[in-house]
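Residue strings, one per chain:
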Amino acid sequence: AAATTPAPADHPPESGAAAAPVRARVLVVDDSPEDREIYRLDLAADFDVIEAAGLADGLRRWRDEAPDCVLLDQRLPDGDGLERIAAARAAGAADAPVVLLTGLADTALAVRAMKSGCVDLLVKGQFSGNELRQALRSTLARAVLERQLREQRSQLTASVETLERTLAALRASEARLKLGIQVGALALAEVDYLRDEVTLSAEAAQLYGLDGAAGRPLPRSMLHARFHPDDRPLVMAALARALDPAGDGGLALEHRIVLPARAADEHGPARPSQVRWIAVRKQVSFDAARSRPLSAMLAARDITPRRESQARAQRSEETLRLAHVAAGLGEWTWDIGEAASTWSPGMYEMHGLPADVPASYESLATVMLPTDLARVQQRIAESLPTGYYTADYRIRHPALGLRWIMGIGRVVERDAAGQPRRMTGIALDITERKRMEERLTASEARFAALAQAAPLILYTTDADGRCDFVNARFWEVTGLPPHAGPLGTAHLHPDDVPLLRESWRVARARGTTHE
C-alpha cells in the first residue's frame, strides 16, 4: 500500500464518510525524458506527478496547477533554475517547497540552493527510488510544519496587536474616566458591608466634609451622620431597599447633607456649617447565594447650585403667578399636535368657567359672543404659519356680564417639517380699557358736534402750527371750499403773515397765549 502523505493546505479532504487519503502532487522539471520517466515510476506509488521539460514550462505549470512540491533540475536549456526560483519567490508567485537535482555534489551550490529557497538537494545517480520518496515525504512534512508555524506566528502577531489595541483603549478609557471624574467633580466611594466600612476618593472626602480621610477605611456611620435630619428617613429607607437581596441592589437618590463647621487647618480655611444637595447612585453586590450584601460602589455629585437655581426659579414662578392674578392675566398652552390645552386658574376665573371644564376652544365658545367666534377662528388659523396670535373678543361672564378679553400667543415649538406643534400665551381682561375707549370716542363725537355748530371759528394745530382741524364756520368766513390736507397761508392777508408767524413763535417758546 502507498504511504500516507501529509495533506497540503491547498488540497483539503472532501467531506464524506469515507474520504480517500489525499495524494500530494509533485512537479518534476527536467529536460531529460529518460530522467523524468525514472522519477515518474519511482513516485507513482505515492504521488501524482506533473512533468515539465523546461524552465519556462515548469514555471507556468507551477503557477497554474499549484503543485505541493517541486523536483527541479538545476541546469536547464532555457535558464538557471535557482535564479528563476529566487525571482519567483521574491515576487510571491511560488511557495511550494523545492528539492534541487544536480549532477555534482558541490558545497557552494548547496549553500546557493538553500539561499534560493530550496529545502533539499539530491545528486543524480546517488539516490534510490525509496530515498527519493522519503526525501519528498520529509519535504512535505516540513512544509506542513512551516505552514502551521507561520499561521501560529500570524495568529500570535494578531493576538499581540489586538492585546496592544485593547490595552491602549483601556488606558485611553481610564484617562477619559479620570478626566470625567475631575471635570464632573464626581465623588466615588467603595463600601465593604462585611467590615461595615467605606473608603472615599479625594473628591468624595471633600464632598462629605471629611478632608484628609481619602483612601483609608472609615466607619459607614460617619457618612450616615452627614444626612440632613429631614431627609434621613427617606435616605435610610432607600438604603434598606438597595440592601434587600430580593431587589436589584440599585439606588438613585437626591438628598441633603449637613457639613459641620470647621476651623482652619492644614486641609483648608475655616468653614461655617453648610447644607449641600447631592445626587447619589449606588450599586450593591451580593454573595453567590444572594443572601447578604458584600460590597457596593457609590458615585455622588454636588448638585447644590442646580437645586438652588430650581428653588429660585420656583419662587420666581410663584411671584409671577401672583402678579398674573393681580393683573387679571390668564395663561394657556395649546398642544396642537395632540389637540390638547392647559389653562391656569386665572383663565377659568377670567371667563367665568368652572375649574372642571375641559381646557379647550369649545369651552371658550360657550361664553364667547357668537358674532366674535368666526373672527377669532380666522385669527387662530392665520397665526399658525406666522407664529403669532392676537385677538380681542367678548364673553358673557355669568357674574360680571359682558367682558372684553384680549388673547396673545406665539408658537414655541415646531416639528421637523416646520409645522407648529405647541403654542403658549396669555389672556387679559381689557374691559376697562375698552370702556375708556368708548367714552373717549363718545367725547370726541360730542366735541365735534359742538365745534361744527359753534358760531365762532374753531381750529386745532400740531406743535409746528399746522392746522389739523377746522369747523364749518371757518369755511364760511374764509370763503374757501372745504377740503382735506394742509391749509397753508392762502386764506391770510399777505401783510399779516409775518406778524402771525412771529406771534406763534413767541407763544410756543414762552408757553403763552397766541393772539
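So, a few notes on the structure that sits alongside this text. None of these values were measured; they are calculated from a predicted model.

What counts and what doesn't
- Residues numbered from 1 in each chain as written.
- Predicted model: local features only at pLDDT ≥ 70, side-chain atom pairs only at ≥ 80, totals over all residues.
- Heavy atoms only, no water.
- Helix = DSSP H or I, 4+ residues; strand = E, 2+ residues; numbered from the N terminus.
- Contact = heavy atoms within 4.5 Å.
- Areas by Shrake-Rupley, 256 points an atom, 1.4 Å probe, with all protein chains shown as cover.
- Phe/Tyr/Trp six-rings, centres within 6.5 Å; stacked < 30°, edge-to-face > 60°.
- Buried < 20%, exposed > 50% of the residue type's maximum accessible area, 1.4 Å probe, protein only.
- Lys NZ or Arg CZ within 6 Å of the ring centre and 35° of its normal.
- Pairing = 2+ DSSP bridges.
- Axes fitted to C-alpha atoms, helices over the stretch in contact; angles between N-to-C directions.
- Arc of directions from axis to C-beta.
- Expected span 1.5 Å × (residues − 1).
- Salt bridge = Lys/Arg side-chain N within 4 Å of Asp/Glu carboxyl O.
- 1 Å grid on protein atoms, 1.4 Å probe; cavity = no way out; pocket = protein on both sides within 12 Å on 5 of 7 lines; lining within 4 Å.
- Points joined across faces, edges and corners; volume = space filled by probe spheres on them.

1. Quick word on the overall build of the chain
Looking only at helices and strands, one finds 15 helices and 20 strands in the chain. If you take every contact in the chain between residues at least 6 apart in sequence, the share linking residues at least 24 apart comes to 48%. Within the structure as shown, the chain displays about 31300 Å² of accessible surface, and the carbon and sulfur contribution to it stands at 56%.

2. Focus on the packing of aromatic side chains
For the structure on display, the rule yields four aromatic pairs. Ring plane angle 80° and centroid distance 5.2 Å describe the contact between Phe474 and Trp475, whose orientation is recorded as edge-to-face. Of the two residues, Phe474 and Trp475, neither departs from the other in class, the shared state being buried. The ring of Trp277 has Arg307 sitting right over it, with the charged end atom 3.9 Å from the ring centre. Geometry around Trp404 places Lys434 over its ring, the cationic atom sitting 4.4 Å from the centre.

3. Looking at the sheet that holds strand 1 (residues 25-29)
The pairing of strands in a sheet happens through backbone hydrogen bonds and is either parallel or antiparallel. Spatially, the five strands line up as an open sheet ordered 2-1-3-6-7, and their pairing is parallel. If you trace the sheet from one side to the other, it starts and ends with strand 2 (48-52) and strand 7 (120-123), each paired once. Each strand of the sheet is rotated relative to its neighbour by a mean of 20°, with strand direction disregarded. When strand 3 (residues 69-73) meets strand 6 (residues 98-102), the two strands line up parallel, connected through four bridges. Looking at the pairing, Val70 lines up with Val98 of strand 6.

4. A word on helix 2 (residues 55-65)
Along helix 2, the residues that are buried comprise Leu55, Gly58, Leu59 and Trp62. Buried residues of helix 2, seen end-on, are gathered within an arc of 100° and therefore sit on one face of the element. Looking one or two places after helix 2, you find Ala66, whose phi comes out positive at around 45°.

5. Some points on helix 12 (residues 370-386)
Taking 1.5 Å per residue as the helical rise, helix 12 with its 17 residues ought to reach 24 Å, and the 26 Å between its terminal C-alpha atoms agrees with that figure. Buried residues of helix 12: Asp372, Val376 and Ser383, and no others. Angular distribution of buried residues about the axis of helix 12 spans 35°; they occupy a single face of the element. Turned more than 90 degrees off the buried face of helix 12, the exposed positions are Pro370, Ala374 and Pro385. On its buried face, helix 12 sits against helix 11 (361-365), strand 16 (388-397), strand 17 (401-414) and strand 18 (420-429). Looking one or two places after helix 12, you find Gly387, whose phi comes out positive at around 95°.

6. What to know about the pattern of salt bridges
Tallied over the entire structure, the rule returns 34 salt bridges. Of the charged contacts, one joins Glu254 and Arg306 as a salt bridge, the two residues approaching to 2.7 Å between their closest N and O atoms. Of this pair, Glu254 sits in strand 11 (residues 250-259) while Arg306 sits in helix 9 (residues 304-327), and the two are 52 residues apart along the sequence. Given a relative accessible area of 33%, Arg306 falls into the partly exposed group. Among the ionic pairs, Arg433 bridges to Glu437, the shortest N-O distance being 3.5 Å. Pair noted here: Arg433 and Glu437 are both in helix 13 (residues 431-453), with a separation of four residues, about one helical turn. Arg433 gets classed as partly exposed once you look at its relative accessible area, which sits at 37%. A relative accessible area of 36% means that Glu437 is categorised as partly exposed.

7. A short note on the pairing of strand 17
As defined by bridge partners, strand 16 adjoins strand 17 across 10 bridges and the pair is classed as antiparallel. The residue of strand 17 that forms the bridge with Tyr388 is Arg410. The turn joining strand 16 and strand 17, which pair antiparallel and follow one another in sequence, is formed by three residues.

8. Things to note about empty space enclosed by the protein
Taken as a whole and judged by the stated rule, the model has two cavities of 30 Å³ or more. Taken as a whole, the largest cavity encloses approximately 170 Å³ of empty space. Together, 14 residues line the largest cavity, and His224, Phe227, Leu239, Lys282 and Leu298 are the ones closest to its centre. Within the residue set of the lining of the largest cavity, elements represented by two or more residues are helix 7 (220-224), helix 8 (232-242), strand 11 and strand 12 (274-286). Considering each element in turn, the lining of the largest cavity owes the most residues, three residues, to helix 7.

9. Describing the sheet that holds strand 9 (residues 197-200)
With respect to topology, six strands assemble into an open sheet ordered 10-9-8-13-12-11, the strand pairing being antiparallel. Looking at the sheet topology across the chains shown, the edges are occupied by strand 10 (217-219) and strand 11. On average, each strand axis in the sheet is inclined to that of its neighbour by 30°, with strand direction left out of account. Sheet analysis places strand 12 next to strand 13 (residues 293-302), joined by nine bridges and oriented antiparallel. Each bridged residue has a counterpart across the sheet, and for Val284 the counterpart in strand 13 is Ala296.

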